[in-house]
Amino acid sequence: MVYDEFPHEISFQKSKEIPTGGGGSKKEWVDVISSCEAFVDPLTGSEYYQAQQLENPIEYNVYFPYRDDVANDMRIIWKDQNDKVLVIKSHPIDQGGQGEILCFKCQSGV
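Residues numbered from 1 in each chain as written. Predicted model: local features only at pLDDT ≥ 70, side-chain atom pairs only at ≥ 80, totals over all residues. Heavy atoms only, no water.

A word on the pairing of strand E1 (residues 8-19)
Stage number 1. Note that E1 and strand E2 (residues 25-42) share 11 bridges and pair antiparallel. The residue bridging His8 from the neighbouring strand is Ala38, located in E2.
Stage number 2. Here E1 hands over to E2 after 5 residues, with Gly21 in that stretch at a positive phi of 95°.
Stage number 3. Judged from the 5 bridges that link them, E1 and strand E4 (residues 74-78) form a sheet pairing that is antiparallel. Bridging from a neighbouring strand, Ile10 pairs with Trp78 of E4. (Pairing = 2+ DSSP bridges. Helix = DSSP H or I, 4+ residues; strand = E, 2+ residues; numbered from the N terminus.)

Okay, here's the thing in C-alpha cells:
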C-alpha cells in the first residue's frame, strides 16, 4: 500500500560474494528487501551546493518507515526511476527520534 507520505517504491540490496565455480568468487548485489515505500527527495540547488562545499557528495534524502533491518552497507534501488541506483552515504537517521521514519543520505551510483 502506497501512502501520500511515501509515494515512491524502493528496494534495498546487499553485496554478497558468489562462488564462480573455479575457486574464486565475484561480488553481486542481491535484494534483501524487495519492496519498501519511501519518499526520495532530491536536494535543492542550494542544498546541493552546500554539500559540495563540504565535499559531501549527497544528492538525495531517502525517507521510509522505520525498520531495524537496514544498514549503511546496503544500496537502494529506486524502482520508480527505472531502477536507479542510490549509494547510501550515511548511517540510518531516526527522524525525530520517535522510531517512526528513517532517512539515508544518498548519491547516484552504479
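Don't stop here, the text continues.
Quick look at the packing of aromatic side chains
Stage number 1. For the coordinates displayed, the defined rule picks out 5 aromatic pairs.
Stage number 2. A centroid spacing of 5.8 Å and a plane angle of 75° characterise the contact between Tyr60 and Trp78, whose relative ring orientation is edge-to-face. With Tyr60 in strand E3 (residues 60-65) and Trp78 in strand E4, this residue pair connects regions lying 18 residues apart in the sequence.
Stage number 3. Each member of the aromatic cluster is reached from another via a ring pair, and the members are Phe12, Phe64 and Phe104. (Phe/Tyr/Trp six-rings, centres within 6.5 Å; stacked < 30°, edge-to-face > 60°.)

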